[in-house]
Amino acid sequence: MAASDLARARHRDPDGERGSWWRHGVFYQIYPRSFQDSDGDGVGDLPGITARLNHLNDGTPGSLGIDAIWISPFYRSPMADFGYDVADYRDVDPRFGTLHDFDELLGQAHERGIRVIVDLVPNHTSDQHPWFQEARSSLHNPKRDWYVWADPKPDGSPPNGWRSVFKPVGPAWTLDKATGQYYLHLFLPQQPDLNWWNPEVRTAMDEVMRFWLDRGADGFRVDVAAALVHDPRLREEPTASGARRRWPRYWGLPDVHEIHRHWRKLLDASGDHMAVGEVSNDPARRLVRYYGRNDELHLSFYFHFMQQPWKAGAFRRAVAEFEAALPEGTWPNYTLSNHDRPRAASRYGPGRARVAMMMLLTLRGTPFIYYGEEIAMTDVPVPADRVVDVDGRDPERTPMQWDSSDGAGFTSGSPWLPIGPDSGTVNVERQRDDPASMLSFTRRLSWFRRSSAALRWGRFQAIGSSRTVFAFLREAPGERLLIALNFSETPRRLRLGSLAATEPARLELSTDPARRPGAVDLRRLELGSNEGVVVRLRQRGNRWTADR
Ligand code: NOJ
């Protein structure tokens, strides 16, 4: 990092901001269909989540030490996209429980110091939502304009060539035969897009947000947050391939920022609330547009990071770009898996889950762990006759593996997706008391992070340019940590230059259970294959010394 970038990085880390829970806490994403089934129907539910809260945080290092959960949609839904097609924004789907169950979950989570954010799906509703049912009932219905309608071309074909995203990619328009017009849907035909140019839609979504905030929710993960606003003239894209290469006219229009600014005000005015947006796969320089001037969404997922190949340099670069691009006062975030992408442990291959977790929990920024990542769950092969998702995402959504029973402790019934064939060994019960397990490692790391100001909100400084080892410092007053992650299969000697020569150091944590904490000589420290370490350095006031 150049000196000027470093100066800006320092400036950008105002200690006054360190208290925000969504900055220094660890988030955990729960896909509710797959976390815990409490009634034997094979589908996870809200009471199931409540029953498992102690796994996440019971106040002791025997739990994961999670600070906040994001629950994917549990609203009433026909489940064409497993809840991302909402038929009632203010009720719980009976498969997941009741509003009372939600209140119970929230109360129990808050008692444990766990905040709860819910999934806001503002871009589209279900075609079964009463708003859409009304809208499609006639050309003149007052709700007609809540959705995006257009006449067919003279030959009867869709109004323009806009494409929906699920494979096989098809037109983003479906003809409503009764009224003779097409409606827009960026996703399935069962997910008609709302018309965000209509102020009534904006007000209606504010009310949805207030509904959940009033119940006690702590914020929102915002689905498809960048694509709400469409070109009102419905202009054609230059070419179909062009539309796939860059953001077309129906994704990411600058007009969306006004909506995000409005939400930020609503959230900040109503308490210590937050929103994290699913906005884009953009590299950092473009992603940061969604942070605005620290006046838009509190966080925007940095999926570009998740898409990096398993190379130290690739991650170092992705982090440096994010750190350099973040507007003043804003905060990074990192995630390696979610319900839409193959799991990290599958993408990166065996033996790398621990070093990936160490990177996630030691970078400067809010980490999001995906359920099952703490035991290194991998994608589960789903036979053709059990495929249920329209877009091939079943393998990363299979039931949480709690124990080695038939239903993996997830269900007493027949699970909605197959249980992983490795559930006999890769499960919470098996790993709980094994100090060498992935789960024990994740807990140690998470609780170490909780106790470390440097990791929660301290400064970040990358060190060196090794092709195989990603090393960085984290520093807060009174604490300096060196993190070194070996991305290669072969052992590597750390090359730390003057830092190694001058610093007495203590190894705090390693991904290798055989390596014990204790004094280390940085001049001789060798990392094993796929090993990551956290090393405490002697504190030297509050100065950076790594790049001297
Ligand atoms: C993004 C969600 O993460 C994904 O699961 C969903 O299918 C689409 N948005 C549409 O809501």
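What counts, and at which threshold
- Residues numbered from 1 in each chain as written.
- Predicted model: local features only at pLDDT ≥ 70, side-chain atom pairs only at ≥ 80, totals over all residues.
- Heavy atoms only, no water.
- Helix = DSSP H or I, 4+ residues; strand = E, 2+ residues; numbered from the N terminus.
- Rg over C-alpha atoms; globule rule 2.2 N^0.38 Å.
- Buried < 20%, exposed > 50% of the residue type's maximum accessible area, 1.4 Å probe, protein only.
- Contact = heavy atoms within 4.5 Å.
- Areas by Shrake-Rupley, 256 points an atom, 1.4 Å probe, with all protein chains shown as cover.
- Lys, Arg positive; Asp, Glu negative; His and termini not counted.
- Charge placed at Lys NZ, Arg CZ, Asp CG, Glu CD.
- Pairing = 2+ DSSP bridges.
- Axes fitted to C-alpha atoms, helices over the stretch in contact; angles between N-to-C directions.
- Phe/Tyr/Trp six-rings, centres within 6.5 Å; stacked < 30°, edge-to-face > 60°.
- Lys NZ or Arg CZ within 6 Å of the ring centre and 35° of its normal.
- Patch = residues over 30% accessible without salt bridge, like charges linked within 9 Å, V, L, I, M, F, W, Y side chains within 5 Å.
- Salt bridge = Lys/Arg side-chain N within 4 Å of Asp/Glu carboxyl O.
- Polar contact = N/O pair within 3.5 Å; in protein donor to acceptor, adjacent residues only side chain to side chain.
- Near = heavy atom within 4 Å.
- Nonpolar A, V, L, I, M, F, W, Y, C, P; charged D, E, K, R; others polar.
- Parallel < 35°, antiparallel > 145°, perpendicular 65-115°, else oblique.

Peer 1: Summarise the overall build of the protein chain; cite the residues concerned and give the values.
Peer 2: Helices and strands together make up the secondary structure of the protein chain, namely 18 helices and 21 strands. Relative to the compact-globule value of 24 Å for 548 residues, the protein chain shows a C-alpha radius of gyration of 24 Å, a close match. Counting every position in the protein chain, which comprises 548 residues, the buried fraction comes to 62%. Pairs at least 24 apart in sequence give 68% of the contacts found in the protein chain among residues at least 6 apart. In the form shown here, the protein chain has an accessible surface area of approximately 20,400 Å², with 50% of it arising from carbon and sulfur atoms. Between the centroid of the 72 positive side chains of the protein chain and the centroid of its 72 negative side chains there is a distance of 9 Å.

Peer 1: Lay out unusual backbone geometry with the relevant residues and their values.
Peer 2: A negative phi angle is the norm for most residues apart from glycine, just as the trans form is the norm for most peptide bonds. Here L234, not a glycine, exhibits a phi torsion of approximately 50°, which is positive. Positionally, L234 belongs in the loop between β9 (219-222) and α8 (240-245). The backbone of A376 sits at a positive phi, close to 60°, despite the residue not being glycine. Here A376 lies in the loop between β13 (366-370) and α15 (428-432).

Peer 1: Provide a residue-level description of the sheet that holds strand β8 (residues 181-184), including the pertinent values.
Peer 2: The sheet built from three strands is open, its strands ordered β6-β8-β7 with antiparallel pairing. Only two strands of the sheet have a single neighbouring strand rather than two, namely β6 (149-150) and β7 (173-176). Pairing of β6 with β8, which is carried by two bridges, proceeds in the antiparallel orientation. Bridge pairing in β8 links A150 to Y182.

Peer 1: Could you give me a rundown of the sheet that holds strand β16 (residues 479-486), with the residues and numbers involved?
Peer 2: One open sheet accounts for six strands, arranged β14-β15-β16-β21-β18-β19; its pairing is antiparallel. Unpaired on one side and paired on the other, β14 (459-463) and β19 (518-520) mark the two borders of the sheet. Pairs of neighbouring strands in the sheet enclose a mean axial angle of 30°, with direction left out of account. The pairing of β16 with strand β21 (residues 532-537) spans six bridges and is antiparallel. Among the inter-strand pairings, L482 is bridged to a residue of β21, identified as V535. Against the sheet, helix α12 (residues 312-325) engages β14 and β15 (469-476), with an angle of about 35° to β15. Packing of helix α16 (residues 438-451) onto the sheet brings it into contact with β16, β18 (505-510) and β21, and relative to β18 it is tilted by some 130°.

Peer 1: Which residues make up the side chain of R264, and what values go with them?
Peer 2: Structurally, the position occupied by R264 is in helix α9 (residues 256-269). The exposure class assigned to R264 is buried, which follows from its relative accessible area of 10%. Not counting the four nearest positions on each side in its chain, R264 is found in contact with N294, D295, E296, L297 and H298.

Peer 1: An account of the packing of aromatic side chains is requested, with residue identities and associated values reported.
Peer 2: Inspection of every chain in the model, using the stated rule, returns 40 aromatic pairs. Where F132 meets Y183, the ring centres are 5.0 Å apart and the plane angle is 65°; that geometry is what we call edge-to-face. Placement of F132 in helix α6 (residues 130-135) and of Y183 in strand β8 is noted, with a sequence separation of 51 residues between them. No difference in accessibility class separates F132 from Y183, as the two residues are buried. Between the aromatic rings of W149 and Y183, the centroid separation amounts to 5.7 Å while the plane-to-plane angle is 70°, which identifies the pairing as edge-to-face. Pair noted here: W149 is in strand β6 and Y183 is in strand β8, with a separation of 34 residues, a long-range link. Per residue, the accessibility class of W149 equals that of Y183, and both read buried. Among the aromatic residues, ring-to-ring pairing joins Y291, Y302, F305, W310, F315, F322, Y334, Y348 and F487 into one connected group. We note R33 situated over the ring of W416; from NZ or CZ to the ring centre the distance is 4.3 Å. Over the ring of F303 we find R341; its NZ or CZ atom is 4.4 Å from the centre of that ring.

Peer 1: Outline a positive patch on the surface, supporting the account with residue identities and numerical values.
Peer 2: Where like charges cluster on the molecular surface, the positive patch consists of K311, R467, R492, R493 and R495. Within the secondary structure layout, K311 lies in the loop between α11 (303-306) and α12.

Peer 1: Tell me about the pattern of salt bridges, residues and numbers included.
Peer 2: Counted under the stated rule, the structure contains 31 salt bridges. For R221, the salt bridge identified is with D119, shortest N-O distance 2.9 Å. Of the two residues, R221 is situated in strand β9 and D119 in strand β5 (residues 115-120); the sequence distance between them amounts to 102 residues. For the pair formed by R221 and D119, the shared burial category is buried. Residues joined by salt bridges that share partners form a network here, namely D81, D340, D389, R393 and R397.

Peer 1: Before we move on, can you summarise the environment of E278 with the specific residues and values?
Peer 2: One can find E278 in the loop between β10 (274-277) and α10 (284-287). A relative accessible area of 15% means that E278 is categorised as buried. Along the primary structure E278 and P47 are separated by 231 residues, whereas in three dimensions their C-alpha atoms are 27 Å apart. Excluding residues that lie within four positions of it along the chain, E278 makes contacts with R221, V222, D223, V224, A225, A226, F301, F303 and D340. At 2.7 Å, the side chain of E278 and the backbone nitrogen of V224 are in polar contact.

Peer 1: Now, about the site of the ligand: what can you tell me, with residues and values included?
Peer 2: Taken together, 13 residues lie near the ligand, and D81, D223, H339, D340 and R393 sit nearest. The separation between an oxygen atom of the ligand and a polar side-chain atom of D81 is 2.5 Å. Class assignment for the residues of the shell around the ligand results in four nonpolar, two polar and seven charged.

Peer 1: Would you mind going over the packing of helix α5 (residues 99-111) against helix α7 (residues 199-215) in detail, with residue names and values included?
Peer 2: Axes are the key here: two packed helices are described by the angle between their axes and the distance separating the axes. Packing of α5 against α7 leaves a shortest axis separation of 10 Å and a crossing angle of 55°. The orientation of α5 with respect to α7, classified from their angle, is oblique. Seen from α5, the contacting residues are L99, F102, D103 and L106; seen from α7, they are F211, W212 and R215. Grouping the amino acids of the contact of α5 with α7 by side-chain chemistry returns five nonpolar, no polar and two charged.

Such coordinate-based values are descriptive only and should not be taken to indicate function.
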